[in-house]
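Fold and geometry: a report
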Amino acid sequence: MTIPITQPEFGVETEAEEKNIPANETELILDGGFLVPETNSFGQNFRDYDAESVRQEGVENFYRVNHINQTFDFVKRMREEYGKVDKVEMSIWECCELLNEVVDESDPDLDEPQIEHLLQTAEAIRKDYPNEDWLHLTALIHDLGKVLLLPSFGELPQWAVVGDTFPVGCAFDESIVHHKYFTQNEDYNNAAYNTKCGVYSEGCGLNNVMMSWGHDDYMYLVAKENNATLPSAALFIVRYHSFYALHKSGAYKHLMNEEDNENLKWLQVFNKYDLYSKSKVRVDVEKVKPYYLSLIQKYFPGKLRW
Ligand SMILES: O[C@H]1[C@H](O)[C@@H](O)[C@H](O)[C@@H](O)[C@H]1O
Ligand SMILES: [Fe+2]
Ligand SMILES: [Fe+2]
């Protein structure tokens, strides 16, 4: 099945720019009309990894352990193991509910239950892109891979599940959060892995690049193995939404191919909602549930193998 996608207009002036509203005086208005809050629930800028806050130390320690342990060999083993999808059988919605048990230690902006985050992201994007139902569903499922933290999924440590992701098998880019800890990663001094392209080649396409292991790649594998009928942009969003070095800093573009370039535009749309919809405003789960159940039915089998 092919799903026609109407491309959003990229690069158009935001409403705030048009109306000449200085960004620091008001909430920023994005192209879809979505209001970007100036600060997170802790009164800090979003994704400020150095600002003093109750979460700063824990988050930095998370990245230290993450950067030391995410090696090429580790990722290879994980992809093989989890590509089998032989651990659990359940529906997408059951997984959404399971996610309530999960706490993400890598996130400086969020300490709400994860299901809130899924629905806040999905509802915000639905408001601005009412006709792209695949995008609403993508938002709902994008973080489901965090169930890897739970016992029936192998109870992986936080460093192997959450946080920003990055390629392994080539040099770690300086734009990656808390980059300094990579010096302790065993791949850092390995000549096969520490050059600009490493084991890859220019323009090879991200599909051929191994990313640090976590909830993104896992959920991508689950969607693919269970024959989800979502468009390629949806799978790309799920797979690379934590790859901030690429979609925020523009690093690693030399590894992308043409299809990646097209999909990246949608990922950048999605990211605003993923990041800035994090707030204390609760979504009425029971009220929106029937809509999301209908989308799940459209794009996924009733039970999936995880
Ligand atoms: O802390 C966050 C969180 O774990 C998100 O789910 C992930 O997508 C982000 O990239 C990460 O920085
Ligand atoms: Fe995520
Ligand atoms: Fe998210």
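The text that follows walks through the structure, step by step, so that each part is easy to find.

Reading the values: rules and limits
- Throughout this document, residue positions are counted from 1 along each chain, in the order its sequence is written.
- As a convention, the first chain written is A and the first ligand written is 1, with the rest following in written order.
- Local features in a predicted model are, by the rule used here, given only for residues with pLDDT of at least 70; side-chain atom pairs are given and counted only at 80 or more, and totals for whole chains, interfaces and linings are based on all residues.
- Remark: hydrogens and water are excluded; side-chain values derive from all non-hydrogen atoms of the structure.
- What counts as an axis is a line fitted to C-alpha atoms, over the stretch in contact for a helix, and the angles between N-to-C directions run from 0 to 180 degrees.
- Numbering goes from the N terminus for both helices and strands, where a helix is a DSSP run of H or I of at least four residues and a strand is a run of E of at least two.
- An angle below 35 degrees is treated as roughly parallel, one above 145 as roughly antiparallel, one from 65 to 115 as roughly perpendicular, and anything else as oblique.
- Each helix crossing is assigned a hand: it is left-handed if the near helix lies turned anticlockwise from the far helix by less than a right angle, otherwise right-handed if that turn is clockwise.
- It only takes one pair of heavy atoms within 4.5 Å for two residues to be counted as in contact.
- Gly falls in the polar group here, along with every residue not listed as nonpolar (Ala, Val, Leu, Ile, Met, Phe, Trp, Tyr, Cys, Pro) or charged (Asp, Glu, Lys, Arg).
- Coordinating donors are taken as N, O and S atoms within 2.8 Å of the metal, stretched to 3.2 Å for Na, K and Ca; because water is absent from the atoms, sites can appear incomplete.
- Here a site with four donors is tetrahedral if all angles are between 85 and 135 degrees, and a site with four or six donors is square planar or octahedral if opposite donors are over 155 degrees apart and the other angles are between 65 and 115; anything else gets the irregular label.
- Note on classification: 1.4 Å probe, protein chains only; a residue is buried when its accessible area is under 20% of the maximum for its type, exposed when over 50%, partly exposed between these limits.
- Consider each residue's heavy atoms; a residue with any of them within 4 Å of a molecule or strand counts as near.
- Here a polar contact is recorded for every N or O atom pair within 3.5 Å, except that within protein the pair must consist of a potential hydrogen donor and a potential acceptor, and residues adjacent in sequence are included only if both atoms are side-chain atoms.
- Values of accessible area rely on a 1.4 Å probe in the Shrake-Rupley scheme; residue burial ignores everything except the protein chains shown.
- Any residue with an atom within 4 Å of a point lines the site, the site being either a cavity, points on a 1 Å grid over the protein atoms alone where a 1.4 Å probe fits but cannot get out, or a pocket, an open set with protein on both sides within 12 Å along at least 5 of 7 lines.
- Each molecule is assigned to a cavity or pocket provided more than half of its atoms lie within 2 Å of the corresponding grid points.
- Grid points are joined across faces, edges and corners, and a volume is the space filled by probe spheres set on the points.

Before going further, it helps to spend a moment on the packing of helix α8 (residues 232-240) against helix α10 (residues 258-276). In the contact formed by α8 and α10, the axes pass within 9 Å of each other and the chain directions differ by 65°. With respect to their mutual orientation, α8 and α10 come out roughly perpendicular. As for how α8 packs across α10, the hand of that crossing is right-handed. Facing Ser232, Ala233, Phe236, Ile237 and Tyr240 of α8, the residues of α10 in contact are Glu259, Asp260, Asn263, Leu264, Trp266, Leu267 and Phe270. Looking at the contact of α8 with α10, its residues break down into eight nonpolar, two polar and two charged.

Moving on, we get to the coordination of the iron ion (ligand 3). Working reference: metal with six octahedral donors, ideal angles 90 or 180 degrees; metal with four tetrahedral donors, ideal angle 109.5 degrees. Protein-derived coordination of the iron ion (ligand 3) comes from His117 (NE2), His142 (NE2), Asp143 (OD) and Asp274 (OD), at a distance range of 2.1 to 2.3 Å. In this structure, the iron ion (ligand 3) is coordinated by four donor atoms arranged in irregular fashion, with angles at the metal of 84 to 171°. A separation of 3.8 Å is found between the iron ion (ligand 3) and the iron ion (ligand 2), which are bridged by Asp143. Classification of His142 by relative accessible area gives buried; the value is 0%. Asp143 gets classed as buried once you look at its relative accessible area, which sits at 3%.

The next thing to look at is the site of ligand 1. Around ligand 1, the structure places 15 residues, and the nearest of them are Asp104, Ser106, Lys146, Asp164 and Ser242. A distance of 3.3 Å is found between an oxygen atom of ligand 1 and a side-chain nitrogen or oxygen belonging to His215. In isolation ligand 1 exposes 300 Å². Once the protein is present, 97% of that is buried. According to the grid-proximity analysis, the pocket containing ligand 1 is the largest cavity. Within the shell around ligand 1, the residues separate by chemical class into four nonpolar, five polar and six charged.

Right, let's get into empty space enclosed by the protein. Taken as a whole, this structure holds three cavities of 30 Å³ or more when the rule is applied. Estimated volume of the largest cavity: approximately 210 Å³. When grouped by side-chain class, the residues that make up the lining of the largest cavity number six nonpolar, six polar and nine charged. Taken together, 13 residues form the lining of the second largest cavity, with Gln44, Asp48, Ala51, Ser53 and Pro108 sitting closest to its centre. A class-by-class count of the residues in the lining of the second largest cavity yields five nonpolar, five polar and three charged.

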